[in-house]
Amino acid sequence: MIKKIQKKYALSHKGAVDLVKGILACTLQNIVFMLPVGLLYLLVDDLLKGSISQSHIVFYIVGTVVALLLIALSTYLQYNCTFLATYVESGVRRITLAERLRKIPLSFFGKKDLADLTSTIMADCTYLETAFSHFIPPLFGAIISTTLIAISLFFVDWKLAIASLWVLPIAFCIVLFSSKIQQKLNKKSMKAKIECADGIQECIETIQDIKSNNAEETYLKGLDKKIDNVEKQAIKTEFGTAVFVGSAQMILKLGIATTALVGAYQLINGSISVITMFMFLLVVSRLYDPLQGSLQNLAAIIASRTNIARMNEILDHDIQQGTEIMDNKGYDIDFNNVSFSYNGKEKILNNVNFTAKQGEITALVGPSGGGKTTVSRLASRFWDTDSGTITVGGMDISKIEPETLLSLYSIVFQDVTLFNNTIMENIRIGRKDATDEEVLKAAKLANCDEFAKKLPNGYNSEIGENGCELSGGERQRISIARAFLKDAPIILLDEATASLDVENETLIQNALSKLIKDKTVLIIAHRMRTVADADKIVVLANGTVAESGTPSELEKQNGIYSHMASLQKQSNSWTIK
Ligand SMILES: Nc1ncnc2c1ncn2[C@@H]1O[C@H](COP(=O)(O)OP(=O)(O)OP(=O)(O)O)[C@@H](O)[C@H]1O
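- Identification of the protein as ABC transporter ATP-binding protein from Ruminococcus bovis is taken from an unreviewed UniProt entry.
- Taken directly from UniProt, the Subcellular location (unreviewed entry) text for the protein runs: "Cell membrane".

**Observations regarding the overall build of the protein**
- Within the protein, the regular secondary structure consists of 22 helices and 10 strands.
- Looking at the protein as a whole, 33% of its 577 residues qualify as buried.
- In the protein, 77% of the contacts between residues at least 6 apart in sequence involve partners at least 24 apart.

**Notes on the UniProt feature "transmembrane region" (unreviewed entry) in the protein**
- The feature "transmembrane region" (unreviewed entry), as annotated in UniProt, sits at residues 20–44, 56–77, 135–155, 161–181 and 268–288 in this numbering.
- Within the segment residues 20–44, helix and strand shares are 92% and 0% respectively, and the terminal C-alpha atoms sit 37 Å apart.
- In the segment residues 268–288, helix accounts for 76% and strand for 0%; the C-alpha atoms at its two ends are 26 Å apart.

**Description of the packing of helix 3 (residues 35–49) against helix 4 (residues 54–103)**
- Running from N to C, helix 3 and helix 4 cross one another at 165°; their axes reach a closest spacing of 10 Å. Accordingly, the angle class assigned to the pair helix 3 and helix 4 is roughly antiparallel. As helix 3 runs across helix 4, the sense of the crossing is left-handed. In this structure, helix 3 uses L35, P36, L39, L43 and D46 to contact helix 4, whose residues at the interface are H56, Y60, G63, T64, A67 and L70.

**Focus: the pairing of strand 3 (residues 361–365)**
- Within strand 3, five of the five residues are buried, leaving the element largely enclosed by the surrounding structure.
- Burial along strand 3 is two-sided: I361, A363 and V365 facing one way and T362 and L364 facing the other are all buried.
- The pairing of strand 3 with strand 8 (residues 520–524) spans four bridges and is classified as parallel. If you follow I361 over to strand 8, its bridge partner there is V521.
- Bridge count between strand 3 and strand 9 (residues 536–541): four bridges; the pairing is parallel. Opposite V365, over in strand 9, you have V539 as the bridge partner.

**Examining helix 8 (residues 167–205)**
- Taking 1.5 Å as the rise per residue, helix 8 with 39 residues should run 57 Å; its terminal C-alpha atoms sit 55 Å apart, in good agreement.
- A maximum bend of about 35° is found in helix 8 at S179.
- Within helix 8, the full set of buried residues consists of V167, A171, I174, V175, S178, Q182, L185, N186, S189, M190, A192 and C196.

**Side note on helix 11 (residues 274–287)**
- End to end, helix 11 covers 20 Å across 14 residues, agreeing with the expected 20 Å (1.5 Å per residue, within 8%).
- Among all positions in helix 11, only M279, F280, V283, V284 and L287 are buried. Each buried residue of helix 11 sits inside an arc of 125° when the element is viewed along its axis, so together they form one side.

**Comments concerning the site of the ligand**
- Near the ligand you find 11 residues, and of these Y342, S368, K372, T373 and T374 are the closest.
- At three residues, the largest contribution of residues to the shell around the ligand is made by helix 14 (residues 372–379).
- Here the shell around the ligand is composed, by residue class, of two nonpolar, eight polar and one charged.

**Topic: the packing of helix 10 (residues 216–269) against helix 11**
- Two elements in contact, helix 10 and helix 11, have axes separated by 10 Å at closest approach and are oriented at 175°. Judged by the inter-axis angle, helix 10 sits roughly antiparallel to helix 11. Note on element contacts: helix 11 touches helix 10 through V274, M277, F280, L281, V284 and S285, opposite G255, I256, T259, A260, G263 and L267.
- Split into classes, the residues belonging to the contact of helix 10 with helix 11 amount to eight nonpolar, four polar and no charged.

**What about the sheet that holds strand 5 (residues 395–396)?**
- Judged by pairing direction, the sheet is antiparallel, and its four strands sit side by side in the order 2-1-4-5 without closing on themselves. The two strands at the open ends of the sheet, each matched to only one other strand, are strand 2 (349–356) and strand 5.
- Pairing analysis gives two bridges linking strand 4 (residues 387–392) to strand 5, with the strands arranged antiparallel. Looking at strand 5, one finds that T391 is bridged to D396.
- In the packing of helix 14 onto the sheet, the strands contacted are strand 1 (333–340), strand 2 and strand 4, and the crossing angle to strand 1 comes to about 115°.

**Thoughts on the sheet that holds strand 8**
- If you trace the six strands from one edge of the open sheet to the other, you get 6-7-8-3-9-10, paired in mixed fashion. With partners counted over all chains shown, the strands left at the sheet margins are strand 6 (409–412) and strand 10 (544–549), one partner each. Adjacent strand axes in the sheet meet at a mean angle of 15° when their direction is disregarded.
- Packed onto the sheet, helix 19 (residues 472–486) meets strand 6 and strand 7 (490–494) and runs at close to 170° relative to strand 6.

**Observations concerning the nonpolar core**
- Grouped together as the largest cluster of nonpolar side chains are 67 residues, with contacts concentrated most on A442, A481, F484 and I523.
- If one sorts the elements of this core by residue count, helix 19 sits on top with six residues.
- Each of domain 2 (329–408 + 489–499 + 516–572) and domain 3 (416–487) accounts for three or more of the residues forming this core.
- Within the second largest apolar cluster, 49 residues are counted, among which are A25, L153, F244 and L252.

**Re the environment of E401**
- Here E401 is to be found in the loop between strand 5 and helix 15 (402–406).
- The residues touching E401, leaving out its near neighbours within four places in the chain, are Q321, G322, T323 and E324.

**Some points on the environment of S548**
- Along the chain, the position of S548 falls in strand 10.
- Along the sequence, S548 and I537 sit 11 residues apart, while their C-alpha atoms lie 5.5 Å from each other.
- Other than its neighbours up to four places away in sequence, S548 contacts F354, K536, I537, V538 and V539.

**Re unusual backbone geometry**
- Look at N214: it is not a glycine, yet its phi comes out positive at around 50°.
- Take N214: it is sitting in the loop between helix 9 (207–212) and helix 10.
- Backbone geometry places N558, a non-glycine residue, at a positive phi of 60°.
- Here N558 shows up in the loop between helix 21 (551–557) and helix 22 (560–572).

Definitions and limits used
Residues numbered from 1 in each chain as written. Predicted model: local features only at pLDDT ≥ 70, side-chain atom pairs only at ≥ 80, totals over all residues. UniProt positions renumbered as here; feature names shortened; annotations may be inferred. Helix = DSSP H or I, 4+ residues; strand = E, 2+ residues; numbered from the N terminus. Buried ≥ 20, exposed ≤ 12 C-beta atoms within 10 Å, placed from the backbone. Contact = placed C-beta atoms within 7 Å. Axes fitted to C-alpha atoms, helices over the stretch in contact; angles between N-to-C directions. Parallel < 35°, antiparallel > 145°, perpendicular 65-115°, else oblique. Left-handed = near helix turned anticlockwise from the far one by under 90°. Pairing = 2+ DSSP bridges. Expected span 1.5 Å × (residues − 1). Bend = angle between axes of the 7 residues up to and from the residue. Arc of directions from axis to C-beta. Near = placed C-beta within 6 Å. Nonpolar A, V, L, I, M, F, W, Y, C, P; charged D, E, K, R; others polar. Core = buried A, V, L, I, M, F, W, Y, C linked by C-beta atoms within 7 Å. Domains from an automatic or database assignment.

So this is what it looks like as structure tokens:
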């Protein structure tokens, strides 16, 4: 049962056990709150009989003290089992999600946008925190305690019990019937919220392009629509809740009226005593309170299913796994009949075969969209192949734990990601335990000195979110410094020197040639002069290896490579007239 609860509510084992405890604590609390009603019943009965002895008085005093103690104890238990346990579980849930995201292949992130994922980890977790502390245990607690008390009423007087309880199945039916409709409404409302959050995020990220294209008005109109849609969906959802929950609550109130009517009739008939009638009225006036309170939060409970489903999507997603033991002999990278598609339909790579040898520079060139970046992503196991194998030193990389595998790689991407921290710390990401001296040495090799020393705090200057205070070339140099610091045996350079000016490019290329000595180097380049000294060129076109050989061999072939090289020579002499 615990396993089922775990799955249904996206909880850890402890979280599921705590939820059961929380429900039991709420049930206990509701039953204990009935004790004063029981005592009052006995007291009135005694008073009507006119026979209160000293022992009875002692009984009522002790009974009241015990009832108060039990109320305090059950409240304490309920608080511990719902509130405290939920906050602990919330932390566990966020860590579990983050851990899972670390291991999920990047293909998943292509289908999801950032706002959606952030909202799952932050907003959904906060929402569930409230649902599991305030709403869910009290609702189930109310259902159990009400059922138990209802059964006991049948032992006192079955006719009056029916008069009091007929409302319960009707209220439950309304709730059950409405839950599907409310879930649909909630899904739509959540979708509208995510679209709106995406829109706002996109607007902030692209504000420069929006302004430069004079597209503010059109863009903001679209955003206004998304914001209006959030409001519209929220009102629809609230309306749905108001109709169904309001009806269920009204029906529950009718229970008191029918108890009074049937009770009065039976009293006149003489089939029940005044005290029985009094007890029923007292019980019924309290019986529905927990249930009515929980119904107020029904919409939130139903909405939590949507949040749970979004979490389960992450928790159930396949992860990339593998051994942490590497048995590679050397660092040659081998692509054997590798095919791959991003969406399972269009093949981006089709039977790709080539070897990037240790101690050599292998350059991937070819027309835009030919699959060069995809090859480098597969080589570093950011994605897994659909068929075929990629080996490093003879070791199948699909069997190696991704983070372990990446310890073999220094990667410099086309798009550099920097953190809102100092230059020093941004470079240290290359190797966490590097000393300041080692960081500075790597920075010098990557030619960072030139700009870092001009900043007010040198290498200790903060560079803003994603290095927004630096130029493209400066950002790229930090990324190259990271690769120097990591000094891994395999180097992947994806247009590493693309955003550098000619002077810096030459300096960096000199430094890179020191870095890549005796290593396996896979370099992606658009500029043919960058790869003129490569040991091997692999030309990728339409996802297949169209040509491969040394630069001079390919020059002679008069194929794609020589065509691209001559086109670039022509474009070098191009000017704006
Ligand atoms: N994350 C992705 N999801 C879906 N399709 C993608 C993704 N990344 C790339 N593609 C598609 O895969 C194909 C190959 O892209 P890739 O980036 O590997 O080419 P490339 O040769 O590196 O191109 P370029 O020289 O322009 O950088 C392209 O058609 C591209 O649209």
